[in-house]
Each structure stands twice: as C-alpha cells, then as structure tokens.
Amino acid sequence: MAAFEDGKVQLTLTIKWYGQLYETAIGHSPLDVVAWHGNYAPMRYNLKTYCPAGTILFGHPDPSIFAVLTAPSGQPGVNNIDLVLFRERWRVTEDTFRLPWYHKNIMSELMGNIYGQYDAKPKGFVPGGMSLHNMMLAHDPYKNAFEGTSNANLEPRKLENTMSFMFGTRFPQHLTQFTAQGAPLQDDYIDYWTDIEKKFNGTPGKK
Ligand SMILES: [Fe+2]
C-alpha cells in the first residue's frame with residue numbers, strides 16, 4: 001500500500017538544491033499523490049545479476065563500458081548521469097596496464113565501495129566509503145597499486161569479492177558542509193600519490 005497524507009494543512013516545504021536549503025509555504029502535504037508518473041516506477045535490481053563485458057585481448061576500454069543504467073543528455077557521449085558497476089570479473093589482457101590509467105575526466109566521478117577491495121585503491125577506500133573526483137580533476141591508482149600491477153605477471157586473474165559503484169555525471173558536484181567537515185574523512189587520501197616515481201626518461205618504452 002502506498003502511504004499518503006491528505007487534507008489542507010499549512011506546511012513549509014524545504015528543498016535542497018546545490019548544497020543550499022530553500023523553503024516555501026504550501027497549503028497541503030506534498031505527499032498527497034498516490035500515482036506513478038508515466039512509466040516511471042520504483043524498482044530494485046540485484047547488482048549480482050549484472051554481467052560485465054570487457055576486452056579479451058589487449059587495451060583498456062573506458063570504464064563506461066561497465067554502465068548499468070544511463071541517462072543520456074542531448075550531447076552524445078556526455079551523459080547526465082551513469083550508474084557504473086565494478087564487480088567480480090576476469091582480467092585477461094596482454095601487454096596492458098590493467099588498472100585505470102591516471103586520468104582526468106569530463107565527467108564527475110562519485111565512487112562508493114559496497115564490499116571488498118577496489119583494485120586501484122587497496123587501502124582507505126573501505127566498504128561504505130565514498131570518493132569524489134570532480135570533472136577535470138586528475139586521479140587514479142595509489143602508488144602501491146601502480147607498482148604491484150606494473151610488476152605482476154599478466155596471467156588471467158579473477159577479481160573476487162569486490163563490488164564498487166560509480167555515478168558519472170556531466171555536472172560538477174558540490175560538497176555539503178557535512179561531507180566536507182562533519183563526515184568521517186580519510187585525511188591521508190592525498191598522501192597515497194605523493195611518492196609516485198617519475199618513470200619517463202625520454203626513451204621509447206618497451207614494445
Ligand atoms: Fe576516474
């Protein structure tokens with residue numbers, strides 16, 4: 001049964017938009033609607049049933065290949081919002097750095113760890129934790145993850161017990177005061193990149 005509130009009542013409606021609170025007076029409850037709009041309907045989806053696809057020879061596809069749901073904008077390739085899932089899967093690529101590259105993105109990336117360990121961030125990014133890399137902000141693997149992956153044998157490997165999600169959006173994300181100051185923060189987050197060694201020496205890499 002859908003719950004609702006009917007009848008005239010003086011209420012203050014508070015709306016949060018872009019980190020600010022706005023309010024207005026209304027003469028009825030906003031919960032006096034019992035209907036779905038068009039073909040919108042609430043649903044649950046078991047992420048365990050999502051089958052990821054990936055490269056099976058070499059190269060590193062854009063992580064949007066793991067999109068579960070997408071809300072396109074009028075601009076091809078730049079979506080309003082994508083829900084992306086990084087879950088258990090096989091890694092089989094040859095001659096390929098298998099972690100996400102160091103990059104900055106035209107989409108903002110809000111990631112969350114549901115369970116297990118995310119391969120590019122072996123420490124700190126704990127289940128229940130979230131990270132935000134806003135658009136055009138450089139990021140990715142921690143130094144130990146980079147070194148470990150760079151020196152590992154490229155044999156087929158199954159990533160087990162891991163599930164993280166990402167919301168990618170073409171819009172910049174603002175922090176609320178709670179997320180910036182009140183929530184438990186990983187204060188040493190930035191330190192994991194400070195001792196990344198320079199590898200470039202002006203000569204072509206191994207082919
Ligand atoms: Fe990213």
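Before reading further, recall that the structure is shown in the block above.
Residues numbered from 1 in each chain as written. Predicted model: local features only at pLDDT ≥ 70, side-chain atom pairs only at ≥ 80, totals over all residues. Heavy atoms only, no water.

A. Representation of unusual backbone geometry within the structure. A positive phi angle is found at Met136, which is not glycine, with a value near 60 degrees. By the secondary structure assignment, Met136 is in the loop between β6 (130-133) and α1 (143-151). Under the relative-accessibility criterion, Met136 is labelled partly exposed at 46%. Phi at Asp140 takes a positive value of approximately 140 degrees, unusual for a residue other than glycine. Topologically, Asp140 is positioned in the loop between β6 and α1. Judged by its relative accessible area of 5%, Asp140 is buried. (Helix = DSSP H or I, 4+ residues; strand = E, 2+ residues; numbered from the N terminus. Buried < 20%, exposed > 50% of the residue type's maximum accessible area, 1.4 Å probe, protein only.)

B. Just the layout of surface pockets, in detail. Empty space within the largest pocket amounts to approximately 910 Å³. For the lining of the largest pocket, the elements supplying multiple residues, two or more each, are β6 and α2 (177-182). Looking at the lining of the largest pocket, the element that brings in the most residues is β6, giving four residues. Of the residues assigned to the lining of the largest pocket, the class counts are 16 nonpolar, eleven polar and one charged. (1 Å grid on protein atoms, 1.4 Å probe; cavity = no way out; pocket = protein on both sides within 12 Å on 5 of 7 lines; lining within 4 Å. Points joined across faces, edges and corners; volume = space filled by probe spheres on them. Nonpolar A, V, L, I, M, F, W, Y, C, P; charged D, E, K, R; others polar.)

C. The arrangement of the coordination of the iron ion in detail. Coordination of the iron ion by the protein involves His103 (NE2), Glu109 (OE), Glu109 (OE) and His139 (NE2), with metal-donor separations of 1.9 to 2.6 Å. One can describe the donor arrangement at the iron ion as irregular, given that its four donor atoms subtend angles of 55 to 150 degrees at the metal. One chain supplies every donor for the iron ion, spaced along it as H-x5-E-x29-H. (Donors = N, O, S within 2.8 Å, 3.2 Å for Na, K, Ca; no water. Tetrahedral: all angles 85-135°; square planar, octahedral: opposite > 155°, others 65-115°.)

D. Broad picture of the pattern of salt bridges. Throughout the structure, instances matching the rule amount to seven salt bridges. Where Lys143 meets Glu197, a salt bridge forms, and the shortest distance between an N and an O atom there is 3.5 Å. With Lys143 in helix α1 and Glu197 in the segment after α2, this pair connects stretches of sequence that are 54 residues apart. The exposure class of Glu197 is partly exposed, given its relative accessible area of 44%. The partner of Lys199 in a salt bridge is Glu197, and the shortest N-O contact between them spans 3.6 Å. Taking relative accessible area as the criterion, Lys199 reaches 45% and is therefore assigned partly exposed. (Salt bridge = Lys/Arg side-chain N within 4 Å of Asp/Glu carboxyl O.)

E. Summary view of the packing of aromatic side chains. According to the stated counting rule, one finds eleven aromatic pairs in the structure shown. The interplanar angle of 75 degrees and the centroid separation of 5.9 Å between the aromatic rings of Tyr118 and Phe125 together place this pair among those described as edge-to-face. Accessibility assignment for this pair places Tyr118 and Phe125 in one class, buried. Ring plane angle 75 degrees and centroid distance 5.5 Å describe the contact between Tyr142 and Trp193, whose orientation is recorded as edge-to-face. Separated by 51 residues along the polypeptide, Tyr142 in the loop between β6 and α1 and Trp193 in the segment after α2 bring together distant segments of the chain. Each residue in the set Phe66, Phe86, Tyr118 and Phe125 is aromatic and connected to the rest through ring pairs, giving one cluster. (Phe/Tyr/Trp six-rings, centres within 6.5 Å; stacked < 30°, edge-to-face > 60°.)

F. View of the sheet that holds strand β5 (residues 108-116). One open sheet holds the five strands; their spatial order is β3-β4-β7-β5-β6, and the pairing between them is antiparallel. Whereas interior strands pair on both sides, the edge strands pair on one side only; in this sheet they are β3 (67-71) and β6. For this sheet, the mean inter-axis angle between neighbouring strands, taken without regard to orientation, is 20 degrees. Here strand β4 (residues 81-91) pairs with strand β7 (residues 157-169) via ten bridges, running antiparallel. Note that in β7 the partner of Arg89 across the bridge is Leu159. (Pairing = 2+ DSSP bridges. Axes fitted to C-alpha atoms, helices over the stretch in contact; angles between N-to-C directions.)

G. Inspection of the nonpolar core at higher detail. Counting residues in each nonpolar core, the largest one holds twelve residues, listed as Leu47, Tyr50, Phe66, Val84, Leu85, Phe86, Met111, Tyr118, Ala120, Phe125, Met163 and Met166. Every element with two or more residues in this core is listed here: β4 and β7. Sorting elements by how many residues they give to this core places β4 first, with three residues. Core analysis: the next-biggest nonpolar cluster, separate from the first, contains six residues, Leu99, Tyr142, Tyr189 and Trp193 among them. (Core = buried A, V, L, I, M, F, W, Y, C linked by side-chain atoms within 4.5 Å.)

All we've got here are geometric facts, nothing functional implied.
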